[in-house]
Protein chains: 2
Amino acid sequence: MDLKQIANDTSKVLISYLTYQAVRTVIAQLNETDPPRAFWLQGFSTKERIQDGEAYVQALFQERQDLAFRILTVREHLSNEICDFLPEMVRSGIQQANMQHRRQQLERMTQFDPSASNSNPEQSTGSESESS
Amino acid sequence: MDLKQIANDTSKVLISYLTYQAVRTVIAQLNETDPPRAFWLQGFSTKERIQDGEAYVQALFQERQDLAFRILTVREHLSNEICDFLPEMVRSGIQQANMQHRRQQLERMTQFDPSASNSNPEQSTGSESESS
């Protein structure tokens, strides 16, 4: 498990996702102030194009540099505002989801034997895994 | 700009991405110890399926619960190991990428007038945006 590589990849995915959120924000703002421009940016921002945030920004600079500059500013603002909350949100989100999956699975495994509801699903799974 | 909603959405995307990284990690481990099982998990983990981490785990529990439990454990481990580094990585990543885009664009705008290289691209863009 190459944690450093995974952290790098995750950071890149996050940057592209925040770029996408910045584009959505700018489109929403333009819808209020300049609908034709919003319509143009919506059309430019196809799903394929926006997958790679940096390539998207580079392409946008060729077409409408004022919108490109604006998206840079908005994504920097977004990263400053929300990044600090993410570690706790992600950790607790995963812990809660995991607990729920384990509980559901435990209920499924014990549905014909309610008296066994205190057994540890991880242990029984481990032994199944070894025997397979 | 609904920062709370954006933070929630970003956290969900991150959790799904860490689930994907957990699946990749488990496949790599199985490739060493149990290649047929690795092959099976690879086939099960299609791109469409893995887009939604929770639905993926739920489907996997129906097929191979030991692998599902293992992926839960690995993604929790990943989140504990890398989440704390992400805010700084993302913030500095965006700042660096933005600086690079702005410099490139500045060079493009001033390529016929080297003496103007101290002008502020954001300002000139702002006025263009207003006049359009």
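First, a word on scope: everything that follows refers to the structure included in this document. Just so it is clear, the structure is predicted and the values come from calculations on it, not from any experiment.

Things to note about the pattern of salt bridges
Here is step 1: Taken as a whole, this structure holds 12 salt bridges over all chains when the rule is applied.
Here is step 2: The partner of Arg-102 of chain B in a salt bridge is Glu-76 of chain A, with the nearest N and O atoms 3.6 Å apart. Taken together, the residues Arg-102 of chain B in helix 6 (residues 86-109) and Glu-76 of chain A in helix 5 (residues 65-82) connect one chain to another.
Here is step 3: Salt bridges sharing common partners tie together Asp-84 of chain A together with Glu-88 and Arg-91 of chain B.

Overview of the interface of chain B and chain A
Here is step 1: Contacts between chain B and chain A engage 60 residues on the former and 60 residues on the latter.
Here is step 2: A buried area of about 5800 Å², summed over both sides, lies between chain B and chain A, and 63% of it is on carbon and sulfur atoms.
Here is step 3: When the buried surface of chain B facing chain A is broken down by residue, Phe-69, Ile-94 and His-101 of chain B rank first, second and third, together holding 11% of it.
Here is step 4: Applying the counting criterion to the chain B and chain A interface returns 4 salt bridges.
Here is step 5: One salt bridge connects Asp-84 of chain B with Arg-91 of chain A, and the closest N-O pair in it is separated by 3.3 Å.
Here is step 6: Along the contact surface separating chain B from chain A lie 14 residue pairs in polar contact (both at pLDDT 80 or more).
Here is step 7: Among the secondary structure elements, those contributing two or more residues to the side of chain B that touches chain A are helix 1 (3-33), helix 4 (53-63), helix 5 (65-82), helix 6 and helix 7 (121-131) of chain B.
Here is step 8: For the side of chain B that touches chain A, the element with the most residues is helix 6 of chain B, which contributes 16 residues.
Here is step 9: Tallied by class, residues from the side of chain B that touches chain A come to 25 nonpolar, 22 polar and 13 charged.

Section: the packing of aromatic side chains
Here is step 1: Applying the stated criterion to the full structure yields 8 aromatic pairs over all chains.
Here is step 2: Between Phe-61 of chain A and Phe-69 of chain A, the aromatic rings sit 4.9 Å apart at their centres with planes inclined by 80°, giving edge-to-face as the arrangement. When sorted by exposure, Phe-61 of chain A lands in the same class as Phe-69 of chain A, which is buried.
Here is step 3: Between Trp-40 of chain B and Phe-44 of chain B, the ring centres sit 5.2 Å apart and the planes meet at 15°, which makes this aromatic pair stacked. One end of the pair is Trp-40 of chain B and the other is Phe-44 of chain B, both in helix 2 (residues 35-44) and 4 residues apart, which spans about a single turn.
Here is step 4: The class for Trp-40 of chain B is partly exposed, based on a relative accessible area of 23%.
Here is step 5: A relative accessible area of 5% places Phe-44 of chain B in the buried class.
Here is step 6: Taken together, the aromatic side chains of Trp-40, Phe-44 and Tyr-56 of chain A make up a single cluster linked through ring pairs.

A closer look at the relation of the copies chain B and chain A
The operation linking the two copies of the chain is a rotation about an axis combined with a translation along the axis.
Here is step 1: Take chain B, turn it by 180°, move it 0.0 Å along the axis, and it overlays chain A with an RMSD of 0.0 Å. Such a turn and shift between the copies fits a two-fold axis.
Here is step 2: When the interface residues of chain B are mapped onto chain A, 100% of them again lie at the interface, so the same face is used by both copies.

Re the side chain of Ser-11 of chain A
Here is step 1: Tracing the backbone shows Ser-11 of chain A in helix 1 (residues 3-33).
Here is step 2: In this view, Ser-11 of chain A contacts Leu-86, Met-89 and Val-90 of chain B; residues no more than four positions away in its chain are not counted.

Comments concerning the state of the cysteines
Put plainly, two cysteines are in a disulfide when a covalent bond ties their sulfur atoms together.
Here is step 1: On inspection of all chains with the given rule, the structure shows 0 disulfides over all chains.
Here is step 2: The closest cysteine sulfur to the non-disulfide-bonded Cys-83 of chain A is located on Cys-83 of chain B, 11 Å from its own sulfur.

A few points about the packing of helix 1 of chain A against helix 1 of chain B
Here is step 1: Two numbers describe how helix 1 of chain A lies on helix 1 of chain B: the axes approach to 10 Å, and their chain directions differ by 150°. Here helix 1 of chain A is positioned roughly antiparallel relative to helix 1 of chain B, judged by the angle of their axes. For the crossing formed where helix 1 of chain A meets helix 1 of chain B, the hand is right-handed. Residues Ile-6, Asp-9, Thr-10, Val-13, Leu-14, Tyr-17, Leu-18, Gln-21 and Thr-25 of chain A of helix 1 of chain A form the contact with helix 1 of chain B, whose own contacting residues are Ile-6, Asp-9, Thr-10, Val-13, Leu-14, Tyr-17, Leu-18, Gln-21 and Thr-25 of chain B.
Here is step 2: Class assignment of the residues belonging to the contact of helix 1 of chain A with helix 1 of chain B gives a composition of 10 nonpolar, 6 polar and 2 charged.

Some thoughts on the environment of Gln-96 of chain B
Residue and element names in this part refer to chain B.
Here is step 1: When you line up the elements, Gln-96 lands in helix 6.
Here is step 2: Residue class for Gln-96 comes out exposed when judged on its relative accessible area of 53%.
Here is step 3: Measuring from C-alpha to C-alpha, the distance between Gln-96 and Val-57 comes to 36 Å, with 39 residues separating the pair along the chain.

Cut-off values and rules
Residues numbered from 1 in each chain as written. Chains lettered and ligands numbered in written order. Predicted model: local features only at pLDDT ≥ 70, side-chain atom pairs only at ≥ 80, totals over all residues. Heavy atoms only, no water. Salt bridge = Lys/Arg side-chain N within 4 Å of Asp/Glu carboxyl O. Helix = DSSP H or I, 4+ residues; strand = E, 2+ residues; numbered from the N terminus. Contact = heavy atoms within 4.5 Å. Buried area = accessible area lost by both parts, 1.4 Å probe. Polar contact = N/O pair within 3.5 Å; in protein donor to acceptor, adjacent residues only side chain to side chain. Nonpolar A, V, L, I, M, F, W, Y, C, P; charged D, E, K, R; others polar. Phe/Tyr/Trp six-rings, centres within 6.5 Å; stacked < 30°, edge-to-face > 60°. Buried < 20%, exposed > 50% of the residue type's maximum accessible area, 1.4 Å probe, protein only. Least-squares fit on C-alpha atoms with pLDDT ≥ 70 in both. Disulfide = S-S within 2.5 Å. Axes fitted to C-alpha atoms, helices over the stretch in contact; angles between N-to-C directions. Parallel < 35°, antiparallel > 145°, perpendicular 65-115°, else oblique. Left-handed = near helix turned anticlockwise from the far one by under 90°.

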